[in-house]
Amino acid sequence: MKETGIGKAVFAGLHRRDVLRGGAGLAGSLMLLPQALRAQDAPKQGGTLRIAQSADIQPNNILAGREGNNSFRHNVFDSLTVLDSETGQPRPVLATEWESSEDGKSFVIRIRDDVTFHSGRAMDASDVIFTLEQVLVPENASQMRPLVQEWTSFEATGDYEITITSEKAIAPRVFDVLQLAVIVDRESFEGLKDGSQVIGTGPFKFANWVPGASARFEKNEDYWGGAPNLDAIEISVISDPTAMANAIRGRVDLVVGLTPRDQVMFRGDPNVEVFEGPGGQFFPLGIDVTAAPFDNKALRQAIGYAIDRERIIEQVFSGSGETVDVWWRSNAPGSTEAINRHYSYDPDKARELIAEAGAEGIDVPMNVIAYGPVPAIYEIVQNNLREVGLNPTGQIMETAAFDQGQTAGELGPVFMQVHGLQGFSAATLVDAFPALRPGNPSKFDPPRYRELKDALQAAQGEEDFAAALTELAEFMLDEAFSHVLVKAPPIHAKQPALSGLIYDNVGYLHLGSAWLG
């Protein structure tokens, strides 16, 4: 990798197996049982990797962040770049190099010329253009659509070259787009809607799918990065979380997404290795700033101080997770301890602010998504709010109904959400997260907010980015329209014989180098 010129960077390409350093993502995230993970022998060929997960795959949403796709997306499809799990920096996959103009408003990407889809058709720049066009289609549900909408143009400027132009700086946010937008085959794209054709350029080929039950993928012998070690991957969908966890005792080699409660059963078991992966979920509490009495900032701040986040971590997540107040990774440039721990648990301060707002004893109607641990988090939140003199009244909403309200920006005065996409840039997340984007259900979008977002997204150097993120974070925390309660990493379990797992910064699994001992 090399850099040239002021404000201009060129990055040389690497072989696929150099793109994601072998085991880097896993090694950096093994927090629960590091002693159980050891150096392995040389990779072995053959075998079928058996995976259990609770969510089914969603080929129709291959361009969107969907939990069920995390274990297969980057094995059947390739992206142009991925974000390194330790540094967060982009690394090339199908891209060979990229170059930004000095003002950051023109961005050129060059791609490999030796890649074919599983159908045998050669990939070129027109496939990248088609993919970006699909990102813009609302029905494809890509969270990166708002970013691509900002671009003035994107076009093929050669058989293997794409040029993007914009009125705003394109990098570094472009790498979030390039990570999520796996390259799809324009000739079979319609087949993704029902899963009848799932054709990418990745190390494994789609073989079959039984919706709600299982999926199978087989080795791509002609993969441009070298054939994978495994012969095949089989995914079993097991909706009962405890049954899914127990599958690791012989039925499968890898369980994706253990609940915090179920991972405890494996503590001390030498035959099961439990680990935290990159990525994960945010659990924010949002407040409609236009709904009285919550239009009073002091009351919104009081709610932030009233909630005991450490108790949530211990009781709901069995000690796994992070109590950080920001919506992006806590080590992002510009993050400080004062920012990350802005709303430390302080019930006395909460009572003072409630008194200042004249809000003693008010009702706090809350809509809570019926997803995973959120209702359990609510139980603690409502107790905390009662302790400081408020009267919470919660309603648990089915996920579909909650999502509709979230999309419409109408979730009531107070609401409890869940968001993924950890690992993407803060500059992207502020316009991608439903809690933060324009039209958010907090109805918070004053001119100053947009101004600070624009400054962050225009920042090109790390120093400028850090200064802009600090200013934006301080503003958002002071306005208290969305309180991040906890961040929880995904928890997985594997058999000791499974090696070579690689996760990128967002938590997507790459199995091209995996093997079974």
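Residues numbered from 1 in each chain as written. Predicted model: local features only at pLDDT ≥ 70, side-chain atom pairs only at ≥ 80, totals over all residues. Heavy atoms only, no water.

Engineer: What should I look at first to understand the pairing of strand β16 (residues 363–369) in this one?
Structural biologist: A regular strand carries its side chains on alternate faces of the sheet. In terms of burial, β16 is largely enclosed, as 5 of its 7 residues are buried. In terms of strand pairing, β16 meets strand β17 (residues 391–397) through 7 bridges, oriented parallel. Bridge pairing links I369 to M397 in β17. After leaving β16, the chain enters helix α13 (residues 374–387) and then returns to the sheet as β17, a path that is right-handed. (Buried < 20%, exposed > 50% of the residue type's maximum accessible area, 1.4 Å probe, protein only. Helix = DSSP H or I, 4+ residues; strand = E, 2+ residues; numbered from the N terminus. Pairing = 2+ DSSP bridges. Right-handed = clockwise from strand over helix to strand, strands pointing away.)

Engineer: How should the packing of aromatic side chains be read in this particular structure?
Structural biologist: Pairs of aromatic rings are described using the distance from one ring centre to the other and the angle between the two planes. Scanning all chains against the criterion turns up 17 aromatic pairs. Considering the side-chain rings of F283 and F317, the 5.4 Å spacing of their centres and the 50 degrees angle between planes classify their relative orientation as tilted. Of this pair, F283 sits in strand β15 (residues 281–287) while F317 sits in the loop between α10 (309–316) and α11 (337–340), placing them 34 residues apart in sequence. Across the pair, exposure class does not vary: F283 and F317 are buried alike. A connected cluster of aromatic rings, assembled from ring pairs, spans W327, W328, F444, Y449, F475 and F481. Just above the ring of Y508 sits the side chain of R73; from NZ or CZ to the centre is 4.6 Å. (Phe/Tyr/Trp six-rings, centres within 6.5 Å; stacked < 30°, edge-to-face > 60°. Lys NZ or Arg CZ within 6 Å of the ring centre and 35° of its normal.)

Engineer: Which parts of the structure should I look at to understand the pattern of salt bridges?
Structural biologist: Between side chains of opposite charge, pairing is possible as soon as their charged atoms come close. For the coordinates displayed, the defined rule picks out 32 salt bridges. R186 is the salt-bridge partner of D127, the closest N and O atoms lying 2.7 Å from each other. You can see D127 sitting in helix α4 (residues 125–135) and its partner R186 sitting in the loop between α6 (174–180) and β10 (204–210), a full 59 residues away along the chain. Looking at R186, the relative accessible area reads 35%, which means it is partly exposed. Between K443 and E410 there is a salt bridge, with the nearest N and O atoms lying 3.1 Å from each other. Taken together, the residues span a long stretch of sequence, with K443 in the loop between α15 (426–432) and α16 (447–458) and E410 in the loop between α14 (399–408) and β18 (414–416) at a distance of 33 residues. Three or more residues are tied together by salt bridges with common partners; here these are E150, K168, R173, D431, R450, K453 and D454. (Salt bridge = Lys/Arg side-chain N within 4 Å of Asp/Glu carboxyl O.)

Engineer: I'm lost on unusual backbone geometry in this one. Help?
Structural biologist: Peptide bonds are, in most cases, trans, and in most cases residues other than glycine have a negative phi. Following A171, the chain continues to P172 via a peptide bond in cis, the omega torsion being 5 degrees. Structurally, P172 can be placed in the loop between β9 (161–166) and α6. Here the bond from A292 into P293 is cis, since omega is 5 degrees, no more than 30 degrees from zero. Relative to the helices and strands, P293 is located in the loop between β15 and α9 (297–306). Here A141, not a glycine, exhibits a phi torsion of approximately 60 degrees, which is positive. Despite not being glycine, K443 shows a phi value in the positive range, around 55 degrees.

Engineer: How should the side chain of R309 be read in this particular structure?
Structural biologist: Within the fold, R309 resides in helix α10. Leaving out residues up to four positions away in the same chain, R309 has contacts with G304, T323, D325, Y343, H483, V484, L485 and V486. (Contact = heavy atoms within 4.5 Å.)

Engineer: In this structure, what is going on with the packing of α16 against helix α17 (residues 462–479)? I would like to understand it.
Structural biologist: Describing two packed helices takes the angle between their axes plus the distance from one axis to the other. Relative to each other, α16 and α17 sit at 160 degrees, their axes nearing to 8 Å. By the angle between their axes, α16 is roughly antiparallel relative to α17. In this structure, the crossing between α16 and α17 has a hand that is left-handed. On α17, the residues touching R448, Y449, L452, K453, A455 and L456 of α16 are F465, A468, L469, E471, L472, F475 and M476. For the contact of α16 with α17, a count of residues per class yields 10 nonpolar, no polar and 3 charged. (Axes fitted to C-alpha atoms, helices over the stretch in contact; angles between N-to-C directions. Parallel < 35°, antiparallel > 145°, perpendicular 65-115°, else oblique. Left-handed = near helix turned anticlockwise from the far one by under 90°. Nonpolar A, V, L, I, M, F, W, Y, C, P; charged D, E, K, R; others polar.)

Engineer: What is the right way to look at α16 in this model?
Structural biologist: Residues separated by three or four positions in an α-helix point in the same direction, a consequence of the helix having 3.6 residues per turn. End to end, α16 covers 16 Å across 12 residues, agreeing with the expected 16 Å (1.5 Å per residue, within 8%). Within α16, the full set of buried residues consists of Y449, L452, K453, L456 and Q457. On an axial view of α16, the arc spanned by its buried residues comes to 135 degrees, and they lie on one face. Where the residues of α16 are buried, they touch α5 (145–150), α15 and α17. (Expected span 1.5 Å × (residues − 1). Arc of directions from axis to C-beta.)

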